[in-house]
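# Structural overview for review
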Amino acid sequence: MAHIVVLGAGTGGMPAAYELREKLGKQHRVTVVNAVDYFQFVPSNPWLAVGWRERKDITFPIRPALERKGIEFVAQPVKRIDAAGNALELADGNRLAYDYLVITTGPKLAFEEVPGSGPEGHTQSICTVDHADKAYGQYQDFLANPGPAIIGAMPGASCFGPAYEFAFIFTRDLEKRKLRNKVPMTFVTSEPYIGHLGLGGVGDSKGMLESELRNHDIKWICNAKVTKVEAGKMFVTEMDDSGQPKKEHELPFRYSMMLPAFKGVDAVAGVEGLCNPRGFVIVDEHQRSKKYPNIFSAGVCIAIPPVEATPVATGAPKTGYMIETMVTAIVHNIANELEGKPADASGSWNAICLADMGDTGMAFVALPQIPPRNVNWFSKGKWVHMAKIAFEKYFLYKMKNGSSEPIYEKYVLKALGITRLTERR
């Protein structure tokens with residue numbers, strides 16, 4: 001009997017556990033290890049931060065969901081991965097041995113790279129449910145005394161979609177409250193242009209998102225290197241196309257939500273030879289560590305090179321469909337190995353996204369993620385807003401009830417009218 005441990009219980013880890021259980025059957029042991037005892041649906045955090053959702057709407061206890069499927073659960077942080085000894089060292093001092101390790105931890109949020117940023121500093125975040133909760137508390141204070149707002153993404157950020165989502169959701173909520181006229185807004189981003197998205201743009205993302213920002217009276221600064229944040233003031237160096245300082249900005253604000261750059265979590269980054277200098281797991285085409293053949297990884301925690309060099313550092317996003325295909329490839333490859341067959345499955349680097357914009361939404365398809373592409377499409381409409389609401393309910397239902405079906409393949413592609421994707425990285 002093999003013991004497969006999944007480290008991380010997010011949008012990659014939970015499906016990985018369910019797929020492993022279904023694929024491998026009861027003769028093999030599957031354990032999930034997660035720092036907290038609840039699942040959080042991160043794509044809903046922008047709604048939570050303005051009060052459109054409550055915490056209970058987008059979280060649920062992990063243990064009952066997993067145990068119904070015969071999957072063990074350990075709710076503890078991991079202090080260290082002993083890759084040579086095939087074991088995790090847990091926060092309580094115990095060791096958990098494994099035959100295969102699947103790393104789906106997500107990122108460490110690198111707020112320390114911009115002094116004064118983050119929920120412990122002067123800007124808010126929507127990267128976790130705790131951060132979104134705190135952002136909503138700050139938002140309630142802001143509503144009592146509105147003023148300038150800054151939303152965007154820090155240097156090195158790779159996940160720009162939620163920044164755009166929050167800018168438009170924030171705007172829409174203020175409009176509903178008849179307070180938008182009291183809130184000058186600036187979108188500050190490390191992207192070289194609006195709609196770059198860490199992908200070199202997708203379809204007409206530049207023109208359409210610029211138009212939306214103009215229509216909502218949101219100013220913007222691109223190639224923005226935020227250098228520090230003080231109470232009520234953000235310091236931004238705007239770079240030119242060659243990466244040289246172009247203009248210095250001191251931007252006042254009463255509310256700010258800025259997405260940080262990501263790094264690998266400490267326990268993963270600390271394993272010699274496992275990660276790149278940022279702490280992201282280096283994997284081959286089969287999602288396997290290049291140094292440790294019994295370690296696989298999927299999701300935001302893996303190393304993917306930027307799509308292109310930019311004047312201010314940007315990373316490439318890992319969207320939900322990409323993560324789903326990585327997970328499925330890992331499960332297939334572990335099953336093959338247990339049967340004495342070689343690993344032969346690969347994840348997709350196709351980028352597909354549904355993003356809410358308050359009362360409308362935007363969707364894009366980049367096949368493959370890295371240009372040139374076979375499909376390069378960007379659109380918007382109220383249907384995307386409705387589709388994301390439906391997808392939230394569908395995904396949470398499936399995770400609570402232990403579904404192992406490929407949710408993005410079944411739902412998102414169908415919503416976009418795409419029946420089959422065969423392109424790989």
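Described below are features of the structure shown in this document. (Residues numbered from 1 in each chain as written. Predicted model: local features only at pLDDT ≥ 70, side-chain atom pairs only at ≥ 80, totals over all residues. Heavy atoms only, no water.)

### Here's the deal with the pairing of strand β6 (residues 78-82)
For the record, the criterion: The criterion for strand pairing is that DSSP finds at least two bridges linking the strands in question. In this text, helices come from DSSP runs of H or I with a minimum length of four residues, and strands from runs of E with a minimum of two, each type numbered from the N-terminal end.
Where β6 and strand β7 (residues 87-90) come together, four bridges link them in antiparallel fashion. Each bridged residue has a counterpart across the sheet, and for Arg 80 the counterpart in β7 is Glu 89. Hairpin connection from β6 to β7: four residues lie between these consecutive antiparallel strands, with Asn 86 at a positive phi of about 55°.

### With respect to the sheet that holds strand β17 (residues 255-259)
The following threshold applies: Only the stretch in contact is used when fitting a helix axis, every axis being a line fitted to C-alpha atoms; angles between N-to-C directions are given from 0 to 180 degrees.
Taken together, four strands build an open sheet; the order of strands is β13-β12-β11-β17 and the sheet is parallel. A strand with exactly one partner marks an edge of an open sheet, and here the two such strands are β13 (218-221) and β17. Sheet twist, expressed as the average angle between the axes of neighbouring strands with direction ignored, equals 15°. Of the pairings in the sheet, the one linking strand β11 (residues 149-153) to β17 comprises five bridges and is parallel in character.

### Considering empty space enclosed by the protein
Over the atoms, a rolling probe the size of a water molecule traces out where space has been left empty. Quick note on the threshold: Grid points spaced at 1 Å and placed over the protein atoms alone form the basis of the search, with a cavity being a set where a 1.4 Å probe fits but cannot get out and a pocket an open set showing protein on both sides within 12 Å along at least five of seven lines. Lining residues have an atom within 4 Å of a point. Grid points are joined across faces, edges and corners, and a volume is the space filled by probe spheres set on the points. Residue polarity follows a fixed list, in which Ala, Val, Leu, Ile, Met, Phe, Trp, Tyr, Cys and Pro are nonpolar, Asp, Glu, Lys and Arg are charged, and the others, Gly among them, are polar.
Taken as a whole and judged by the stated rule, the model has one cavity of 30 Å³ or more. Reported here for the largest cavity is a volume of approximately 120 Å³. Lining the largest cavity are 15 residues, and of these Thr 11, Pro 15, Glu 324, Phe 395 and Tyr 408 lie nearest its centre. Mapped onto the lining of the largest cavity, the elements with two or more residues apiece are α1 (13-24), α8 (320-338), α9 (382-400) and α10 (407-415). When residues of the lining of the largest cavity are assigned to their parent elements, the largest contribution, four residues, is made by α8. Among the residues forming the lining of the largest cavity, the class breakdown is eight nonpolar, four polar and three charged.

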